[in-house]
Amino acid sequence: MLDKIYFCPHSKAENCPCRKPEIGLILRAKDELNLDLSHSFFIGDSEIDIQTGACAGMKTILIESDLVPDAASLEIMPDFIVRDLLSAAEVILKQERGVK
Ligand SMILES: [Zn+2]
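Note that this is a predicted model, so its numbers are computed, not measured. (Residues numbered from 1 in each chain as written. Predicted model: local features only at pLDDT ≥ 70, side-chain atom pairs only at ≥ 80, totals over all residues. Heavy atoms only, no water.)

Q: Please explain the overall build of the protein chain as it appears in this structure.
A: Check the secondary structure of the protein chain and you find three helices and three strands. For 100 residues, the compact-globule estimate of 2.2 N^0.38 gives 13 Å, and the C-alpha radius of gyration of the protein chain, at 14 Å, lies within 12% of that figure. Within the protein chain, the proportion of its 100 residues that are buried is 31%. A sequence separation of at least 24 residues applies to 27% of the contacts in the protein chain between residues at least 6 apart. Accessible surface for the protein chain amounts to roughly 7000 Å². Of this, 54% is attributable to carbon and sulfur atoms. Put simply, the protein chain has 11 plus and 17 minus side-chain charges, and the middle of one group is 5 Å from the middle of the other. (Helix = DSSP H or I, 4+ residues; strand = E, 2+ residues; numbered from the N terminus. Rg over C-alpha atoms; globule rule 2.2 N^0.38 Å. Buried < 20%, exposed > 50% of the residue type's maximum accessible area, 1.4 Å probe, protein only. Contact = heavy atoms within 4.5 Å. Areas by Shrake-Rupley, 256 points an atom, 1.4 Å probe, with all protein chains shown as cover. Lys, Arg positive; Asp, Glu negative; His and termini not counted. Charge placed at Lys NZ, Arg CZ, Asp CG, Glu CD.)

Structural data, given as structure tokens:
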């Protein structure tokens, strides 16, 4: 279930605080939805997604894609690497159950 969808309507040139890797939208969601970011996951398929989640103090899940041909080359390693969204959901469920 989706509680809310956030998106940045600005161009890169506008240097807004909500365009990744800035975390403005995450902080807004944290306040509006009362999130505990240290127990939240940021899922994405690019290096900038992993940077964004890590900057916000979230756990990060990288979905394998052509955007990251070699995950080992990332500056910030994701907490988990999976092949698709379903696998990401399974990782989150396992974490919630305390299974490592
Ligand atoms: Zn923006």
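Q: Quick question: what am I supposed to make of the layout of surface pockets here?
A: Space left empty within the atom packing is revealed by a probe, the size of a water molecule, rolled over the atoms. Estimates place the volume of the largest pocket at around 700 Å³. Lining the largest pocket are 18 residues, and of these Lys4, Tyr6, Ala29, Leu33 and Leu35 sit closest to its centre. When residues in the lining of the largest pocket are grouped by element, the largest group, four residues, is from helix H1 (residues 24-33). Considering only residue class, the lining of the largest pocket consists of 15 nonpolar, one polar and two charged. (1 Å grid on protein atoms, 1.4 Å probe; cavity = no way out; pocket = protein on both sides within 12 Å on 5 of 7 lines; lining within 4 Å. Points joined across faces, edges and corners; volume = space filled by probe spheres on them. Nonpolar A, V, L, I, M, F, W, Y, C, P; charged D, E, K, R; others polar.)

Q: Can you help me understand H1 in this one?
A: An α-helix turns once every 3.6 residues. As a result, residues three or four positions apart point the same way. Inspection of H1 places Leu25, Ile26 and Ala29 among the buried residues, and these make up the whole buried set. The buried residues of H1 occupy an angular sector of 100° when projected down its axis, which confines them to one face. Summarising the contacts, the buried residues of H1 are in contact with strand E1 (41-44) and helix H2 (47-55). Within two residues after H1, asparagine 34 carries a phi angle of roughly 55°, on the positive side. (Arc of directions from axis to C-beta.)

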